[in-house]
Amino acid sequence: MSKNLRTKTSKFIDETTRISFRFDGKKYFGFRGDTLASALLANNIHLVGRSFKYHRPRGIMTAGSEEPNAIVQLNNNSSRTEPNVRATEIEIYEGLEASSQNCWPSVKFDIGGINNFLSPILPAGFYYKTFMWPASFWEKYEYFIRKSAGLGKSPTKPDPDIYEHKYIHCDVLIIGAGISGVMAAKIAAKNGFKTLLVDEKSYLGGSTIYQNSENFKINNQVSNSWLEKEINEIKKFKNLEIKTRTSVAAFHGYNYLLARENLTDHLPLDQRKDKTRQRLLKIRAKKVITATGSLERPLIFDNNDRPGILLSSAIKTYANLYGVACGEKNVLFTNNDSAYETAISLYQKGINIEAIIDNREEVDSKLIKETEKNNIKVYKGYTVVNTSGYKRINKISIMQLSKDGQKVTGNKIFIECDCLGVSGGWTPAVHLFTQSGGKLKFRDEDQVFIPKTYPSDQISIGSCNGDFTLDEILSSIPNKLKVFLNIKHTVYENIEVQSPFNKSKRNIWLLPSDKNIGKTKSFVDYQNDATAKDIKLALREGFRSIEHVKRYTTTGMGTDQGKLGNMHALGIISETAGSKMGELGTTTFRPPYTPLTFGTIVGRNVGEYFDVFRKTPIHEWHVKNNAKFENVGQWKRSWYYPKNGESMHDAVQRESKAARDSAGILDASTLGKIDIQGTDASEFLNRVYTNSWSKLSIGKCRYGLMLNEDGMVYDDGVTTRLSENHYIMTTTTGGAATVLGKLEDYLQTEWPELDVYLTSVTDHYATISVCGPNSRKIVSKIIPDLDFSDESFPHMSFKNVKIGKIKCRLMRISFTGELSYEINVQANYSKSLWERCMEAGKEFNITPYGTETMHLLRAEKGFIIVGQDTDATMTPIDLQMDWIVSKKKYDFIGKRSLYRSDTIKEDRKQLVGLLTENPEEILEEGAQIIADINKSPIEMLGHVTSSYYSPNLKKSIALGVVRGGKNMMGQKLIIPMENKQINVTVADPVFLDKENKRLNA
Amino acid sequence: MFLIICPYCGEREQSEFKAGGEAHIVRPKQPTELSDDEWAEYLFMRKNIKGIQFERWNHIHGCRKWFNMVRDTSNDEIKAVYKMGEKPPSI
Ligand SMILES: [Zn+2]
């Protein structure tokens, strides 16, 4: 087995640098410049994996990103392990470890291979049809499917690599640096455009760069030497940036593209430290030139998937670029002239060719003549009907094609071989073009889809545009780019081209066999094991849309997205269904063109940078004082402050009690604050809140409820009139941004006549709330000059005060039901002011409390929290807050919706209080509420929205929404839990101090 | 991602903007005089056209101004942008 198939030196391979790597545990050697695939082939290894469904042995098929079979797991068991890496793309480095995927226990003996023999009972849709029933068996099926299928293993450890994102703006982006791309780059750069040229390979020049045949000449030079000089020239342009190992993943509208730049994947692991592994380029280009080339098509015949069967062009690439022979007894099978280019390359290198099988009967070209001159047998008008060899092809059988190409005739001829190159012609790589919204047209003469209409300022050139031959490319590009770039001169006028390629092709989507199709395995999608038979079955079962056939047969749904076989699937469908190719359309090509790692997609947004978070200016104090934090929107809010290993429950009980018994202090800086000014400010508030604002006097505060136009509660908060035309509105913490947005929307679009100006001042002011029976004593210690009497400073009023030289806004408002003062101060003074409050409150055991205690205290008072006790289906009437809805106002946002037929229903869910039979039992928030456990099905009446144990009332309290709850006062209801039922009584949602004595204490 | 010409700031990337639904739906001046059906028409009914659509956009991470856009939803081509209160162009 261990042979060296390295032929003559290739200048792309550095034979002085030997590199060792491991494949499936065994050590091999390659050279710098090799891909994993070329190095394996040089060691005569073709078998690299198993197929997905039948677990058939599969070998390397291509030399590029379209590879369906040779996908491997890299660096297994390390944190850098990566599944589904194409062996044809990964460049080898010292210490690389790769292993086969999709086979268990090993690639050579794979238990799933039994599916291959079971294949008569594994037709298209088998998984859909079988594993759906009975449902209870799914777990058993899943165990075996997971074990014997699946594409590789995800890493289980954190990714140690660094990724980043980068924006690039350019005049001209050129995708693909083959001969077309290089020419375009030179034209664009020479004409002064800021140009970016990208290519997924590590080298420039595409397939022409190793086309060293005397048959193909440009300006009388062999085409690869001509191109080499051009590449050397474009490297000198200062306005041209070239990025290799850069694959464009997505082409969106408005010429916005995403590309992945690979920076370290080709380096040994020890040289990657502290380097960025991959970069996601976000490219905005004024103009895009797509020069993505074309992909060779395979041919569809029985057992066309054995290891040792490659694309003919791949065999040429391995010979010319890597100096590797794919076999010692090579046979080529073609329907066009491309295979003869391969043949010429092979015999130039002294690699043996047994025969060429050509579908075409009467065909003549310079290339064929030259091939035949070298004593290579060409079977014209023949097709391969079968192959043999389990882990490596060893023989093919061929037969003559009938005139119409539908049957085979005559005697079978057997040819021994260890490698078969197939060529079904070329498919333009239009993936990116169609991603951008481009529409295709079908060219009947050679059965290809090519670009028709461009949705943005872009153009496709070269073979991705269907210009396959060297003379077509060189003659079309200058004129096209003159128009596209609006320039007078290109550098490529009057170029002489010698290109003896004969364009004739005999296109047969599914080649005939001497066997019944039901007995054949002619693979269309190699990775997903979809055969021609499967596609025909899908059509028999009534599927017609290409998108449906795709999903039913899984054709084109692998990691390669069917880059090789999609055209054949379309061809077989159109032939079988009798429809025209152009009318059938193609399946949608979706980004990414080749898979992206999650690391590249998220870039630097990992760990603490995953999401932004906001801290109040007093945050450091909370951290120092052992606060636990909770996320409220983007804010980190103090949740509770455990002392001496207290549990959350214990801490909250202590904090709540302290606030009611003496004094508590809360950082309320996260509340949204909107500064409202203008002569129409009062009128504006009248329109956006449900209650009336015209009569609010200066220096007074008022609570407001804001609705959506559909009548549902949207936000709430206290607004203070600072002066005649000046208000400060507070919003909920989470609602700050959207409330401002909504108010601006109405001002700009519905009521532009109002003289009102809105400014968000949330970040500018910090808010310290001191509450409890001793709060007045504490605040008056800090502001000794102020008259705190009820007459001078009553509940719901405001004063401008000075603490030292610092101006503050002091409000007497309360969210806890206790006497309470809120000090609003310029944010940068707030931490020291907080510390002063703590100092002043020391003698009163002032206790810092967090959001949990705040929620408990307000629940005792029956104050709602928008978003907790409400969702987007609660009106103020549902909340039993009729008192806040003005009857006098002609209009406000949402008013009309409050008496729609649906909102006036009596049996809507309404907010009520809930008391448990056992006062120690605490309900679970979100628990369902029912009335009758014996009714079937059980009728859900509502759910618990807030629930706490109140240390002040010494019992459990809860709020909930219950259908028709308003009229259920005193009624008994049930909360069914997993293993018990809890009996509750509907109660008034105000549990404590209904008379508001504490507020005015 | 679109490039949008804000009528106040000029050409900016779509990520700076927020879409605000169908344009030229005027809030009724006298909602109380509308029947449930008439109010529902204003409140709930929106077009979802494949083709030329008039829509509201907000330069939310820029000047925060609302404006109108004419967009072909079949290919995302932006045909026109114009300020609030301006007459829609005939397209
Ligand atoms: Zn703007």
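For clarity, every value in this text was computed on a predicted model and none was experimentally measured.

Colleague: Please explain the overall build of chain A as it appears in this structure.
Modeller: Per the secondary structure count, chain A includes 23 helices and 50 strands. A buried classification covers 60% of the 1001 residues belonging to chain A. Counting contacts in chain A only where the partners sit at least 6 residues apart, residues at least 24 apart contribute 67% of the total. Split by element, the accessible area of chain A, about 41,400 Å² in all, is 51% carbon and sulfur. A gap of 3 Å separates the mean positions of the 134 positive and 116 negative side-chain charges of chain A.

Colleague: So what exactly am I meant to see when it comes to the pairing of strand β2 (residues 26-32) of chain A here?
Modeller: Residues in a regular strand point their side chains to alternate faces of the sheet. All names here are of chain A. In this structure, strand β1 (residues 14-23) lies alongside β2, joined through 7 bridges in antiparallel fashion. Counterpart to Arg22 in the pairing with β2 is Lys27. Joining the antiparallel neighbours β1 and β2 is a turn of 2 residues, in which Asp24 adopts a positive phi near 50°.

Colleague: Would you take a moment to explain the coordination of the zinc ion for this structure?
Modeller: In a perfect tetrahedron of four donors around a metal, the angles come out at 109.5 degrees. In a perfect octahedron of six, they are 90 or 180 degrees. Residues and elements named next belong to chain B. Listed as protein donors to the zinc ion are Cys6 (SG), Cys9 (SG), His59 (ND1) and Cys63 (SG); their distances from the metal cover 2.0 to 2.3 Å. Coordination at the zinc ion is tetrahedral, judged from the 4 donor atoms that bind it and the angles of 104 to 114° they form at the metal. In terms of primary sequence, the donors binding the zinc ion are separated according to C-x2-C-x49-H-x3-C. Its relative accessible area of 0% is what places His59 among the buried residues.

Colleague: What is the right way to read the domain arrangement of chain A from this model?
Modeller: A common way to report how large an interface is uses the accessible area buried once the components associate. Residues and elements named next belong to chain A. Each domain of chain A was delimited in the assignment, giving domain 1 (14-117), domain 2 (162-294 + 428-498), domain 3 (296-424 + 506-584), domain 4 (620-670 + 764-849), domain 5 (671-761) and domain 6 (867-878 + 898-987). Each partner contributes to the interface: domain 1 provides 34 residues, whereas domain 3 provides 30 residues. A combined buried area of about 2,800 Å² lies between domain 1 and domain 3, and 56% of that area is made up of carbon and sulfur atoms. Considering only the side of domain 1, the residues that lose the most area to domain 3 are His46, Arg56 and Met61, jointly responsible for 23% of the buried surface there. Applying the counting criterion to the domain 1 and domain 3 interface returns 3 salt bridges. Taking the shortest distance from any N to any O, the salt bridge between Arg58 and Asp305 comes out at 2.7 Å. Looking at the side of domain 1 that touches domain 3 element by element, the count peaks at 4 residues for helix α1 (residues 36-42).

Colleague: Quick question: what am I supposed to make of unusual backbone geometry here?
Modeller: Glycine aside, negative phi is the norm for most residues, and most peptide bonds take the trans geometry. Residue and element names in this part refer to chain A. Pro591 connects to Pro592 through a cis peptide bond whose omega is -5°. Residue position: Pro592 is located in the loop between α15 (581-584) and α16 (598-602). Unlike most non-glycine residues, Asp24 shows phi in positive territory, near 50°. If you check the backbone angles, Lys954 has positive phi at about 55° while not being a glycine. Tracing the backbone shows Lys954 in the loop between β47 (940-950) and β48 (955-963).

Colleague: Can you help me understand the interface of chain A and chain B in this one?
Modeller: Contact residues are listed per partner, giving 29 residues for chain A and 27 residues for chain B. Buried surface at the junction of chain A and chain B, both sides included, amounts to about 2,300 Å², of which 44% is carbon and sulfur. Sorting the residues of chain A by area buried against chain B places Tyr254, Tyr890 and Arg896 of chain A first, and these three jointly supply 30% of that buried surface. Connecting chain A to chain B are 6 salt bridges. Between Arg27 of chain B and Glu709 of chain A there is a salt bridge, with the nearest N and O atoms lying 2.5 Å from each other. In this assembly, chain A and chain B are joined by 20 residue pairs in polar contact (both at pLDDT 80 or more). Broken down by element, the side of chain A that touches chain B gets its largest block of residues, 9 residues, from helix α20 (residues 736-750) of chain A.

Colleague: Can you walk me through the layout of surface pockets in this structure?
Modeller: Once rolled over the atoms, a probe with the size of a water molecule shows which space is left empty. All names here are of chain A. A volume near 1,300 Å³ is recorded for the largest pocket. In this structure, the largest pocket is lined by 50 residues; those nearest its centre are Tyr703, Asp716, Phe815, Phe863 and Ile864. Breaking the lining of the largest pocket down by element, the ones donating at least two residues are β32 (628-632), β36 (701-707), β37 (713-723), β38 (726-731), β43 (820-826) and α23 (851-860).

Colleague: So what exactly am I meant to see when it comes to the packing of helix α12 (residues 532-540) of chain A against helix α13 (residues 546-553) of chain A here?
Modeller: When two helices pack together, their arrangement is given by the angle between their axes and by how far apart the axes lie. Residues and elements named next belong to chain A. Running from N to C, α12 and α13 point in directions that differ by 120°, and their axes come no closer than 10 Å. As summarised for this structure, α12 and α13 are arranged oblique, according to the angle between their axes. Read as a crossing pair, α12 and α13 show a hand that is right-handed. Residue-level inspection shows Asp534, Ile535 and Ala538 of α12 in contact with α13, the latter providing Val549, Tyr552 and Thr553. For the contact of α12 with α13, the class distribution of residues is 4 nonpolar, 1 polar and 1 charged.

Colleague: I would appreciate a short explanation of helix α1 (residues 36-44) of chain B in the present structure.
Modeller: At 3.6 residues per turn, the α-helix brings residues three or four places apart onto the same side. Residues and elements named next belong to chain B. Looking at α1, one finds that the buried residues are Trp39, Ala40, Tyr42 and Leu43. Take α1 and look down its axis: the buried residues cluster within an arc of 165°, on one side only. Structural note: α1 exposes Asp37 and Glu41 on the side pointing more than 90 degrees away from its buried face.

Colleague: Hey, could you run me through the environment of Phe788 of chain A in this one?
Modeller: Residue and element names in this part refer to chain A. Summarising the element assignment, Phe788 is placed in the loop between α21 (775-782) and β41 (797-803). C-alpha of Phe788 to C-alpha of Ile864: the two residues are 76 residues apart in sequence and 28 Å apart in space. Among all residues touching Phe788, those that are not within four sequence positions of it are Arg776, Val779, Ser780, Ile783, Phe793, Leu810 and Tyr821.

Colleague: Looking at this structure, I do not really get the sheet that holds strand β23 (residues 408-416) of chain A. What am I missing?
Modeller: Pairing between the strands of a sheet is mediated by backbone hydrogen bonds and can be parallel or antiparallel. All names here are of chain A. Taken together, 3 strands build an open sheet; the order of strands is β21-β22-β23 and the sheet is antiparallel. Strands with a single pairing partner mark the edges of an open sheet, and in this sheet they are β21 (382-388) and β23. The average angle at which neighbouring strand axes cross in this sheet is 25°, direction not considered. Here 6 bridges tie β21 to strand β22 (residues 395-401), and the two strands are oriented antiparallel to one another. Paired with Val384 across the strands is Ile398, a residue of β22.

Colleague: I'm lost on the packing of aromatic side chains in this one. Help?
Modeller: Both the distance between ring centres and the angle between the ring planes are used here to describe each pair of aromatic rings. A full pass over the atoms with the stated rule returns 24 aromatic pairs over all chains. Relative to Tyr641 of chain A, the ring of Trp621 of chain A has its centre 6.2 Å away and its plane inclined at 65°; by these criteria the two rings are edge-to-face. In this pair, Trp621 of chain A is assigned in helix α17 (residues 619-624) and Tyr641 of chain A in the loop between β33 (635-640) and α18 (648-661), connecting sequence segments 20 residues apart. Both residues of the pair, Trp621 of chain A and Tyr641 of chain A, count as buried. Between the aromatic rings of Phe684 of chain A and Trp751 of chain A, the centroid separation amounts to 6.2 Å while the plane-to-plane angle is 80°, which identifies the pairing as edge-to-face. One end of the pair, Phe684 of chain A, is in helix α19 (residues 681-688); the other, Trp751 of chain A, is in the loop between α20 and β39 (757-760), with 67 residues separating them in the sequence. For Phe684 of chain A, a relative accessible area of 0% translates into the label buried. By relative accessible area, which is 6% here, Trp751 of chain A ends up buried. Through a chain of ring-to-ring contacts, the aromatic side chains of Tyr254 of chain A together with Phe2 and Trp57 of chain B assemble into a single cluster.

The rules we used
Residues numbered from 1 in each chain as written. Chains lettered and ligands numbered in written order. Predicted model: local features only at pLDDT ≥ 70, side-chain atom pairs only at ≥ 80, totals over all residues. Heavy atoms only, no water. Helix = DSSP H or I, 4+ residues; strand = E, 2+ residues; numbered from the N terminus. Buried < 20%, exposed > 50% of the residue type's maximum accessible area, 1.4 Å probe, protein only. Contact = heavy atoms within 4.5 Å. Areas by Shrake-Rupley, 256 points an atom, 1.4 Å probe, with all protein chains shown as cover. Lys, Arg positive; Asp, Glu negative; His and termini not counted. Charge placed at Lys NZ, Arg CZ, Asp CG, Glu CD. Pairing = 2+ DSSP bridges. Donors = N, O, S within 2.8 Å, 3.2 Å for Na, K, Ca; no water. Tetrahedral: all angles 85-135°; square planar, octahedral: opposite > 155°, others 65-115°. Domains from an automatic or database assignment. Buried area = accessible area lost by both parts, 1.4 Å probe. Salt bridge = Lys/Arg side-chain N within 4 Å of Asp/Glu carboxyl O. Polar contact = N/O pair within 3.5 Å; in protein donor to acceptor, adjacent residues only side chain to side chain. 1 Å grid on protein atoms, 1.4 Å probe; cavity = no way out; pocket = protein on both sides within 12 Å on 5 of 7 lines; lining within 4 Å. Points joined across faces, edges and corners; volume = space filled by probe spheres on them. Axes fitted to C-alpha atoms, helices over the stretch in contact; angles between N-to-C directions. Parallel < 35°, antiparallel > 145°, perpendicular 65-115°, else oblique. Left-handed = near helix turned anticlockwise from the far one by under 90°. Nonpolar A, V, L, I, M, F, W, Y, C, P; charged D, E, K, R; others polar. Arc of directions from axis to C-beta. Phe/Tyr/Trp six-rings, centres within 6.5 Å; stacked < 30°, edge-to-face > 60°.

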